[in-house]
Amino acid sequence: MAEQTVEFADPQQQPGAAPDYEVVVIGAGVAGIYQIKRLKDLGVRATVLEANPDLGGTWYHNRYPGARFDSESFTYGYSFSRELLDEWHWTEQFSPQPETLRYLEYVTEKFGLREHMQFDCRVETMVFDEETDTWTLTLHDGRTIATRFVTTAVGVLSTPTLPRIEGIDSFEGRAFHSFLWPHEPLDLTGKRVAVIGTGATAIQLIPEVAKEAESLTVFQRRPNWAAPLNNAPISEAEMAEIRARYDEIFATCARTPGGFEHEPDRRGFYNVSPEERRALWDRLYDAPGFAIWLRNFTEIFMDEDANAELSEYIAERIRGRVHDPAVAEKLIPKDHGFGVQRLPMETGYFETYNRDNVELVDGSETPIVRITPKGIETTDREFEFDVIVYSTGFDAFTGSMERIDIRGRGGLRLRDKWADGPVTYLGVMVSGFPNLVMLGGPQGAATNFPRGLELAVDWVTPLLEYMWRHGYRRFDANADAEAEWLEHVKEMYEGLLLRRAKSWITGYNSNLDGHEYGKTRYNIYNGGGPKYAKRLRQVVDNDYEGVSFR
Ligand code: NAP
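Residues numbered from 1 in each chain as written. Predicted model: local features only at pLDDT ≥ 70, side-chain atom pairs only at ≥ 80, totals over all residues. Heavy atoms only, no water.

Asker: Where do I start with the site of the ligand in this structure?
Answerer: Near the ligand there are 24 residues, and of these R68, T198, T201, R221 and W504 occur at the shortest range. One nitrogen or oxygen atom from the side chain of T201 is found 2.6 Å from an oxygen atom belonging to the ligand. The backbone of S391 places a nitrogen or oxygen atom 3.2 Å from an oxygen atom of the ligand. Burial of the ligand by the protein chains amounts to 85% of its free accessible area of 910 Å². When residues in the shell around the ligand are grouped by element, the largest group, three residues, is from helix α5 (residues 200–212). (Near = heavy atom within 4 Å. Polar contact = N/O pair within 3.5 Å; in protein donor to acceptor, adjacent residues only side chain to side chain. Areas by Shrake-Rupley, 256 points an atom, 1.4 Å probe, with all protein chains shown as cover. Helix = DSSP H or I, 4+ residues; strand = E, 2+ residues; numbered from the N terminus.)

Right under this line is the structure:
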């Protein structure tokens, strides 16, 4: 992209004039880094406020052993700079957390973005002033910052939630949420470790912890389907091939619903024989990444019978990997089908339960009653531990937005507006909250995250340029356009088996009030990346229909 500077129609709005900033970006993760790059290129007075002591967002936290992409590394990286693509060498098909953090640091240094970032700046409140059309942000240390526009890049899974279990503060050993795994090296040798939860995070860390700890006890409330990641190193020669293919790679990611190179098998589940289906699944189970999920027949996401047949196939594979048939049965979900919840990818997860130092505690038989000073008590017995890892999930999508006390027009609080679930226009704006845009907000495209985030930044940045060119001071989404988008988002859940998922996709979280199962919160846009991108383009082509300017 050629660098250019915005021409401001109204000199009063030029950078440097009040307020303090033209744009404040909240969050220095994958989205915030790209957003500030675009704003820097435009010569706009903008800054990133990051709560953490350094950049990286999700990849700054999540330092648990085994943390890595489930996306192919080369589909996860930024696509905006050819030079960057040519320089960076991913060493593994699915990059581990330390390498990903190094990548984000590299991008930040390369494009000189660090000087536009301020760390240890947790935004606590944001109030919109209708007289001046500006936002005033208050930081945790009491400082205030005024800005015309705010773009939030606060992360989708960045507000961890702990279980509401009696005695949680009484434990005398070490305890932490997996998201907040200690930064200093943690030696688990000789330690008795408990992991609570069996989501995508736990499924990555359990095999690694088992290798190191004296003993590992996994407290599973509900089993989760999982399939092999099939990771591998990337050689110099392979990386050269990937570089040569980058245009094709990103074109495919833009064409596929999930933003991956994985394309669904469109032959039709019932148009091929059971033997052919099985042959396909044999291949996909051994293929890298989300192949078994996203290269599968589309019917598996909608048709109970098709899903049941695939689920039985995966169950058989699990039975083939776990020595003790009773343990294998405990690890096979019975309450939902394969791929209905977000599929965790694993490396030796099921084999971990064959180890002598690993025990599975099935919460459906002997649930946790309380945390004690020495460990965990179930209805059966008390277990003693040195370390407890809570891998118990997040206040997904809305949590990190609601953690900030955001007040829009007429003092309307975002938390109140979203009390029954998020309401947005295009997943980017919220009516009544002018001059605020969300990157990775709820109801945006649920894709390979960076693909959706680049799309969002590439939509938001021209919107801001449009404002500046026309001398506008305020935009706001129209309530009717927002209501129509919500209906469309809801429609996209209909027909999909995931609408019944007991997971963050439907807003379920047993550790949060208002997130009970059955009270669906429409967190994601299920129409797929291409359909979402088309809608964003249409809105622009129709002079930002659904948005008011002044
Ligand atoms: P999660 O999927 O929400 O899983 C939380 C786990 O904790 C579930 O097994 C849940 O059991 C259990 N749990 C929650 N509260 C509990 C309680 N009070 N008592 C007992 N068990 C409890 O969270 P996650 O594993 O952190 O994953 C969240 C998302 O992060 C993933 O879906 C994925 O999108 C993302 N992620 C991505 C990657 C990657 O890309 N490589 C890796 C890790 C995570 P129930 O099932 O019974 O609720």
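That covers the picture; the talk isn't over yet.
Asker: Is there a simple way to think about the sheet that holds strand β9 (residues 215–220) in this case?
Answerer: Across a sheet, paired strands are connected by hydrogen bonds in the backbone, their directions being either parallel or antiparallel. The five strands lie next to each other as β7-β16-β8-β9-β12, forming an open sheet whose pairing is parallel. In this open sheet, the two strands that pair with only one neighbour each are β7 (174–177) and β12 (358–362). Put simply, the sheet's adjacent strands are angled 15° from each other on average, direction ignored. Two strands pair when backbone bridges link them, and strand β8 (residues 192–196) and strand β16 (residues 387–390) are joined in this way by four bridges, in the parallel orientation. (Pairing = 2+ DSSP bridges. Axes fitted to C-alpha atoms, helices over the stretch in contact; angles between N-to-C directions.)

Asker: Just checking my understanding: could you explain the pattern of salt bridges for this structure?
Answerer: Two side chains with opposite charge may pair up if their charged atoms get near one another. In this structure the tally under the stated criterion is 49 salt bridges. Put simply, E248 and R245 hold a salt bridge, and the shortest N to O gap is 3.6 Å. Remark: R245 and E248 occur in helix α6 (residues 236–255); sequence separation between them is three residues, near one turn of the helix. Here R469 ties to E465 by a salt bridge, and the two come within 3.7 Å at their closest N and O atoms. Of this pair, R469 and E465 are both found in helix α14 (residues 449–470), four residues apart, which corresponds to roughly one turn of the helix. Residue classification places R469 among the partly exposed positions, given a relative accessible area of 46%. Given a relative accessible area of 7%, E465 falls into the buried group. (Salt bridge = Lys/Arg side-chain N within 4 Å of Asp/Glu carboxyl O. Buried < 20%, exposed > 50% of the residue type's maximum accessible area, 1.4 Å probe, protein only.)

Asker: Any chance you could explain helix α4 (residues 97–110) here in plain terms?
Answerer: For the α-helix, the turn length of 3.6 residues means that residues three or four positions removed from each other point alike. Taking 1.5 Å as the rise per residue, α4 with 14 residues should run 20 Å; its terminal C-alpha atoms sit 20 Å apart, in good agreement. If you check which residues of α4 are buried, you get Q97, E99, T100, L101, Y103, L104, V107 and T108. Buried positions along α4 lie against α1 (30–41), α3 (82–87) and β3 (117–118). Once α4 ends, the next one or two residues include G112, with phi positive near 60°. (Expected span 1.5 Å × (residues − 1). Contact = heavy atoms within 4.5 Å.)

Asker: Got a minute to help me understand the side chain of T256 in this structure?
Answerer: On the secondary structure map, T256 appears in the loop between α6 and α7 (274–285). Excluding its chain neighbours within four sequence positions, the residues that come into contact with T256 are H262, E263 and P530.

Asker: Help me understand the packing of aromatic side chains, please; the structure alone is not making it clear to me.
Answerer: Centre-to-centre distance and the angle between the planes together describe a pair of aromatic rings. This structure, assessed with the given rule, holds 45 aromatic pairs. For the ring pair W88 and W90, a centre distance of 5.7 Å and an interplane angle of 70° mean the geometry is edge-to-face. The residues W88 and W90 share a single accessibility class, namely buried. Relative to F297, the ring of F269 has its centre 5.5 Å away and its plane inclined at 85°; by these criteria the two rings are edge-to-face. On the criterion of sequence distance, the pair formed by F269 in the loop between α6 and α7 and F297 in the loop between α8 (291–294) and α9 (304–321) is long-range, its members being 28 residues apart. Members of the aromatic cluster, connected to one another through ring pairs, are Y34, W59, F69, Y76, Y78, F80, W88, W90, Y103, Y106 and F111. Geometry around Y60 places R63 over its ring, the cationic atom sitting 4.9 Å from the centre. Across from the ring centre of F383, 3.9 Å away, lies the NZ or CZ of R381, which sits over that ring. (Phe/Tyr/Trp six-rings, centres within 6.5 Å; stacked < 30°, edge-to-face > 60°. Lys NZ or Arg CZ within 6 Å of the ring centre and 35° of its normal.)

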